[in-house]
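One-letter residues, chain by chain:
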Amino acid sequence: MTFNGFQETTTPENNPDLTERETIEADLLLEGVHRLYGYDFRNYAKPSLMRRIWHHVHAENLDTISQLQNKVLHDRSCFERMVQSLSIPVTEMFRDPELFRTFRREIVPILRTYPYIRIWHAGCSTGEEVYSMAILLHEEGLYDKARIYATDMNDRSLKQAKEGIYGIEKMKLYTKNYLEAGGTQSFSDYYTAKYNSVMLQPYLRKNIIFAEHNLATDRSFNEFNVILCRNVMIYFNDTLRDQVHGLFYESLSRFGILVLGSKESIHFTQFSDCYEPLDRVEKIYRKIK
Ligand SMILES: C[S@@+](CC[C@H](N)C(=O)[O-])C[C@H]1O[C@@H](n2cnc3c(N)ncnc32)[C@H](O)[C@@H]1O
């Protein structure tokens, strides 16, 4: 029988006890991970979290979540692999190009009026979103007065982000995205190709600070004019989403701009009254109180 794409002997569907047992096992695993390693996955949305946990149970050649708990608590490398499994680092340069086109049209004129610009990419994964912003600001003549803070909980993703080296096979899609996003140069000017990889131009990295930061457990660390957090909070439950919105609210300057992307919204959070929409489709908001 299959459960979540894996071979199982029993499934929650035909064994209600397993659903309850599975929930208890997962709760104990997440509690143990939080207490021992300080990573808090307890308020991640359950359906996708359970899929990732089961994926990791099988990747470790185990049969139950309790066995995973035992291994994770006694073997740090197993915990580190689990963080990778739970992290979902999927990203692209100029992902959802319309967002960047809108940013260029609606937000850049506002940023031009600022003496300096502090931007936070929360959940930056392997860096593609951040370098896309660096290119956009460079083309608009704003890069030199910008500081971009790029954070993620996944140290392995951050390492790749710092290197700025990506597979050459991705450049076709990234070039298409760049043009759709309103890019004004030749995209290949921004990288040097070597064998099967490309390295982004080092000047794009000049004003980017990469750092480990966990949205579930870490605090505000600066004040920003713009915060982008896309495709991250979709993995959180309402409690954690509200908590992270609290962190963003606290970290935004007066009239600061929050960019969530078309799939997410400030509605139904405790902070919906604190913002006005600047773009209703791309879910770009301005803090008003
Ligand atoms: C799907 S990627 C999104 C990357 C990029 N923002 C984009 O839209 O292309 C989600 C990222 O969120 C990060 N993430 C998940 N939970 C996090 C947390 N509690 N704190 C910081 N980053 C987190 C993951 O490690 C992953 O790199």
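Before going into details, it helps to say that this report is about the structure given with it. (Residues numbered from 1 in each chain as written. Predicted model: local features only at pLDDT ≥ 70, side-chain atom pairs only at ≥ 80, totals over all residues. Heavy atoms only, no water.)

## Some details on the pairing of strand 4 (residues 146-152)
Here is the key point about a regular strand: its side chains alternate between the two faces of the sheet. By the criterion of burial, strand 4 is predominantly enclosed, with six of the seven residues buried. Bridge count between strand 3 (residues 117-122) and strand 4: six bridges; the pairing is parallel. Looking across to strand 4, one finds that W120 is bridged to Y149. Read as a crossover between parallel neighbours, the route from strand 3 over helix 6 (residues 128-139) to strand 4 is right-handed. (Buried < 20%, exposed > 50% of the residue type's maximum accessible area, 1.4 Å probe, protein only. Helix = DSSP H or I, 4+ residues; strand = E, 2+ residues; numbered from the N terminus. Pairing = 2+ DSSP bridges. Right-handed = clockwise from strand over helix to strand, strands pointing away.)

## A word on helix 4 (residues 76-87)
When the terminal C-alpha atoms of helix 4 are compared, their 17 Å separation across twelve residues agrees well with the 16 Å that a helix rising 1.5 Å per residue should span. Just beyond helix 4, the residue with positive phi is I88, at close to 50 degrees. (Expected span 1.5 Å × (residues − 1).)

## A short note on the sheet that holds strand 5 (residues 165-167)
Strand order in the open sheet formed by three strands is 5-7-6, and the pairing between neighbours is antiparallel. Bordering the open sheet on either side are strand 5 and strand 6 (191-194), each of which pairs with just one other strand. Going across the sheet, the axis of each strand differs from the next one's by a mean of 30 degrees, ignoring polarity. Pairing of strand 5 with strand 7 (residues 197-200), which is carried by three bridges, proceeds in the antiparallel orientation. Bridged to Y166 within strand 7 is V198. (Axes fitted to C-alpha atoms, helices over the stretch in contact; angles between N-to-C directions.)

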